[in-house]
Amino acid sequence: MAESVIPAQKSSFRVVLLGDQGVGKSSISLRFLRDEFHEHNAPTIGAAYLTQTLKVGDRTVKLDLWDTAGQERFASLAPMYYRTAQGAIVVYDICCKSTFIRAKDWVKELKAQAPPGTIILLCGNKLDLATENREVMIEDALQMAKDKGLIFMEVSAKSGQGIKSTFQTIAEKVVARETSLSSPASSSDKNIKLTTRENSAHSSCQCNTH
């Protein structure tokens with residue numbers, strides 16, 4: 001009787017950051033990688049590639065981060081990065097409602113064109129300015145996350161609030177999905193179990209506002 005072969009676990013995962021120019025994608029990445037914040041960052045041209053390792057349970061995994069440009073002229077390049085991604089962070093500025101509207105478009109595009117089951121995290125940045133300048137109510141973002149089956153976080157790249165937990169959360173979700181897909185049980189009963197799992201993953205919102 002032949003022994004079943006358990007597929008090797010992946011050690012790296014691609015995560016793409018999407019969102020309008022000025023929402024703080026590069027600042028979020030810089031805070032995560034170096035724990036730094038620069039008040040004025042030059043606009044990203046095309047996309048910037050960064051890597052960071054972190055612990056997920058007893059595993060050390062590497063996140064391959066693609067920080068995409070927010071300018072409209074680079075929007076057509078985004079599929080090059082998210083079509084092979086396991087996760088996507090869609091960033092908007094909580095002080096600018098138009099960036100939240102654009103975030104809805106990014107989510108719609110990801111749902112239509114990204115690989116099935118891609119983990120999507122909706123991320124409202126600039127939480128440090130929320131008291132005086134908030135334009136996107138947290139209730140609206142929560143409702144969108146619930147409706148679309150997204151993870152939701154609010155962060156501040158400037159203060160660092162919520163940054164580490166955002167990347168830790170998306171890393172845990174992509175690892176959990178990869179583990180479930182590579183398990184012998186899912187391989188032997190793929191059609192039924194994966195369909196059930198996908199429906200379950202999109203049935204509720206997983207939210208964190210810190």
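Fair warning: this is a prediction, and the values are worked out from it, not measured in the lab. (Residues numbered from 1 in each chain as written. Predicted model: local features only at pLDDT ≥ 70, side-chain atom pairs only at ≥ 80, totals over all residues. Heavy atoms only, no water.)

1. Examining the pattern of salt bridges
1) Next: In this structure the tally under the stated criterion is seven salt bridges.
2) Next: Here Asp64 makes a salt bridge to Lys62, at a shortest N to O gap of 3.5 Å.
3) Next: For Lys62, a relative accessible area of 31% translates into the label partly exposed.
4) Next: The partner of Asp93 in a salt bridge is Lys126, with the nearest N and O atoms 3.2 Å apart. Highlighted residues: Asp93 in strand S4 (residues 87-93) and Lys126 in the loop between strand S5 (119-125) and helix H4 (130-133), separated in sequence by 33 residues.
5) Next: On the accessibility criterion, Lys126 (23% relative accessible area) is partly exposed.
6) Next: Here the salt bridges do not stand alone but share partners, grouping Asp20, Arg102 and Asp105 into one network. (Salt bridge = Lys/Arg side-chain N within 4 Å of Asp/Glu carboxyl O. Buried < 20%, exposed > 50% of the residue type's maximum accessible area, 1.4 Å probe, protein only. Helix = DSSP H or I, 4+ residues; strand = E, 2+ residues; numbered from the N terminus.)

2. Examining the packing of helix H3 (residues 97-113) against helix H5 (residues 138-148)
How two helices pack is summed up by the angle between their axes together with the distance between the axes.
1) Next: At a minimum axis distance of 12 Å, the contact between H3 and H5 shows a crossing angle of 10°. For the element pair H3 / H5, the angle class is roughly parallel. Residue-level contacts link Phe100, Ala103, Lys104, Val107 and Lys111 of H3 to Asp140, Ala141, Met144 and Lys148 of H5.
2) Next: Split by residue class, the contact of H3 with H5 holds five nonpolar, no polar and four charged. (Axes fitted to C-alpha atoms, helices over the stretch in contact; angles between N-to-C directions. Parallel < 35°, antiparallel > 145°, perpendicular 65-115°, else oblique. Contact = heavy atoms within 4.5 Å. Nonpolar A, V, L, I, M, F, W, Y, C, P; charged D, E, K, R; others polar.)

3. Focus on the packing of aromatic side chains
To describe a pair of aromatic rings, you give the distance between the ring centres and the angle between the ring planes.
1) Next: With the rule as written, the count across this model stands at four aromatic pairs.
2) Next: The rings of Tyr49, Trp66 and Tyr81 are connected pair by pair, giving a single aromatic cluster.
3) Next: Of note, Arg102 hangs over the ring of Trp106, and the distance from its end group to the ring centre comes to 4.3 Å. (Phe/Tyr/Trp six-rings, centres within 6.5 Å; stacked < 30°, edge-to-face > 60°. Lys NZ or Arg CZ within 6 Å of the ring centre and 35° of its normal.)

4. Observations concerning the state of the cysteines
Such a bond, covalent and formed between the sulfur atoms of two cysteines, is termed a disulfide.
1) Next: Under the defined criterion, the tally for this structure stands at zero disulfides.
2) Next: Its sulfur unpaired, Cys95 is 8.6 Å from the next cysteine sulfur, which belongs to Cys96.
3) Next: Cys95 sits in the buried class, given a relative accessible area of 15%. (Disulfide = S-S within 2.5 Å.)

5. Observations regarding the nonpolar core
1) Next: Among the nonpolar cores identified, the biggest contains 28 residues, and Val16, Val90, Tyr92, Leu110 and Leu122 are the most heavily contacted of them.
2) Next: Per element, the largest residue contribution to this core is five residues, and it comes from H3.
3) Next: With near-sequence residues (within four places) excluded, Tyr92 lies in contact with Val23, Thr99, Phe100, Ala103, Leu122, Cys123, Gly124, Asn125, Val136, Ala141, Phe152 and Glu154.
4) Next: Residues Leu17, Phe32, Val61 and Phe167 belong to the second largest nonpolar core, which totals 26 residues. (Core = buried A, V, L, I, M, F, W, Y, C linked by side-chain atoms within 4.5 Å.)

6. Quick notes on a positive patch on the surface
1) Next: A cluster of basic side chains, namely Lys97, Lys104, Lys108, Lys111 and Lys148, defines a positive patch on the protein surface.
2) Next: No other element matches H3, which puts four residues into the positive patch. (Patch = residues over 30% accessible without salt bridge, like charges linked within 9 Å, V, L, I, M, F, W, Y side chains within 5 Å. Areas by Shrake-Rupley, 256 points an atom, 1.4 Å probe, with all protein chains shown as cover. Lys, Arg positive; Asp, Glu negative; His and termini not counted. Charge placed at Lys NZ, Arg CZ, Asp CG, Glu CD.)

7. Focus on the pairing of strand S3 (residues 59-68)
1) Next: Extensive coverage of S3 is indicated by the burial of eight of its 10 residues.
2) Next: Both strand S1 (residues 12-18) and S3 contribute to a ladder of six bridges, which runs parallel. Residue pairing in the sheet places Leu17 in a bridge with Asp67 of S3. (Pairing = 2+ DSSP bridges.)

8. Section: the confidence of the model for the protein
1) Next: Looking at the protein as a whole, its pLDDT mean stands at 83, while 75% of the residues score no less than 70.
2) Next: The model gives residues 1-6 a pLDDT under 50, and that stretch makes two contacts with residues more than four places away or in other chains.
3) Next: Of the regions scoring below 50 in pLDDT, residues 186-207 engages in 27 contacts with residues more than four places distant in sequence or in other chains. (pLDDT = per-residue confidence, 0-100.)

9. Thoughts on unusual backbone geometry
1) Next: In the Ramachandran plot, Asp35 falls in the positive-phi region, its phi being about 55° despite a non-glycine side chain.
2) Next: Summarising the element assignment, Asp35 is placed in the loop between helix H1 (25-34) and strand S2 (47-56).
3) Next: You will see that Lys126, though not glycine, has its phi angle at about 75°, which is positive.

10. Things to note about H1
1) Next: Taking burial as the measure, the 10 residues of H1 include seven buried ones, the bulk of the element.
2) Next: For H1, every residue scored as buried is listed here: Lys25, Ser27, Ile28, Ser29, Leu30, Arg31 and Phe32.
3) Next: With its phi angle positive at about 55°, Asp35 sits one or two positions after the end of H1.

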